[in-house]
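This is what each chain is made of:
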Amino acid sequence: MRRVLPVLLLAAAPAWADVPVMGSDATCAALAQDLDRPELLPRCLTDEAAAKVRLEEHWDALPMDLAGGCTSAVLDQGPGSYQILAICIEDGLQAAALPSPFAPEAQ
């Protein structure tokens, strides 16, 4: 019974978490500065916001180990990026031969 209880508690728990907070402001500012292209900052921030929305829409459907591993990998490299997190997850899903919830709907 002791082994069953943690499994039951886990199964009864709500969705495991929200999309982790990434440091898009710092990441985009560093990118614009490194490339000496300040005009990239607004576009980068817009792309980051769109990637965050995309992740939020499907976060609960992602394998927890893949999402957690990608989050750790992205945040280990700096303040983080929703775009890079999404790419990591898509690559991981493809490598595991799992369908991507990010795929565009068929027309």
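Counting from 1, residues in each chain are numbered in the order their sequence is written. Local features in this predicted model are restricted to residues whose pLDDT is 70 or higher, and side-chain atom pairs enter the listing and the counts only when it is 80 or higher, whereas totals over whole chains, interfaces and linings include all residues. As a rule here, side-chain values cover all heavy atoms of the structure and leave hydrogens and water aside.

J.: Help me understand the layout of surface pockets, please; the structure alone is not making it clear to me.
T.: Remark: the empty space left among the atoms is shown by a probe the size of a water molecule rolled over them. A 1.4 Å probe that fits into a set of points on a 1 Å grid over the protein atoms alone but cannot get out defines a cavity; an open set with protein on both sides within 12 Å along at least five of seven lines defines a pocket, and lining residues are those with an atom within 4 Å of a point. Grid points are joined across faces, edges and corners, and a volume is the space filled by probe spheres set on the points. Within this model, the largest pocket holds a volume of roughly 150 Å³. For the largest pocket, the full set of lining residues is Thr27, Leu31, Leu40, Arg43, Cys44, Asp47, Glu48, Ser81 and Gln83. Listed by contribution, the elements that provide at least two residues to the lining of the largest pocket are α2 (24-34) and α3 (40-58). Each helix is a run of H or I in the DSSP string that is no shorter than four residues. Each strand is a run of E no shorter than two, and both are numbered from the N terminus. Looking at which element gives the most residues to the lining of the largest pocket, the answer is α3, with 5 residues. For the lining of the largest pocket, the class distribution of residues is 3 nonpolar, 3 polar and 3 charged. Residues were grouped as follows: Ala, Val, Leu, Ile, Met, Phe, Trp, Tyr, Cys and Pro as nonpolar; Asp, Glu, Lys and Arg as charged; and all remaining residues, including Gly, as polar.

J.: It is not clear to me how the pattern of salt bridges should be interpreted in this structure. Could you clarify?
T.: Here, a salt bridge means any Lys or Arg side-chain nitrogen found within 4 Å of an Asp or Glu carboxyl oxygen. Going through the model one piece at a time under the given rule, you end up with 4 salt bridges. A salt bridge links Arg37 to Glu39, with the shortest nitrogen-to-oxygen separation between them at 2.6 Å. Given the relative accessible area of 38%, Arg37 is considered partly exposed. The closest approach of N and O atoms between Lys52 and Glu56, which form a salt bridge, is 3.8 Å. Highlighted residues: Lys52 and Glu56, both in helix α3, separated by 4 residues, approximately one helical turn. Whether a residue is buried, partly exposed or exposed follows from its accessible area with a 1.4 Å probe, protein chains only, as a fraction of its type maximum: under 20%, in between, or over 50%, in that order.

J.: Sorry, what's going on with the state of the cysteines here?
T.: Covalent bonding between the sulfur atoms of two cysteines is what defines a disulfide. Here, the term disulfide refers to a pair of cysteine sulfur atoms separated by no more than 2.5 Å. All told, the structure shown has 2 disulfides when counted by the stated rule. For Cys70, the disulfide goes to Cys88, at an S-S distance of 2.1 Å. The chirality of the disulfide connecting Cys70 with Cys88 is left-handed, given an S-S dihedral of about -80°. Note that Cys70 is positioned in helix α4 (residues 64-76) and Cys88 in helix α5 (residues 82-95), a separation of 18 residues in sequence. Along the protein, the cysteines that take part in disulfide bonds pair up as 1-2, 3-4, counted in sequence order.

Any link to function would need more than the numbers given here.
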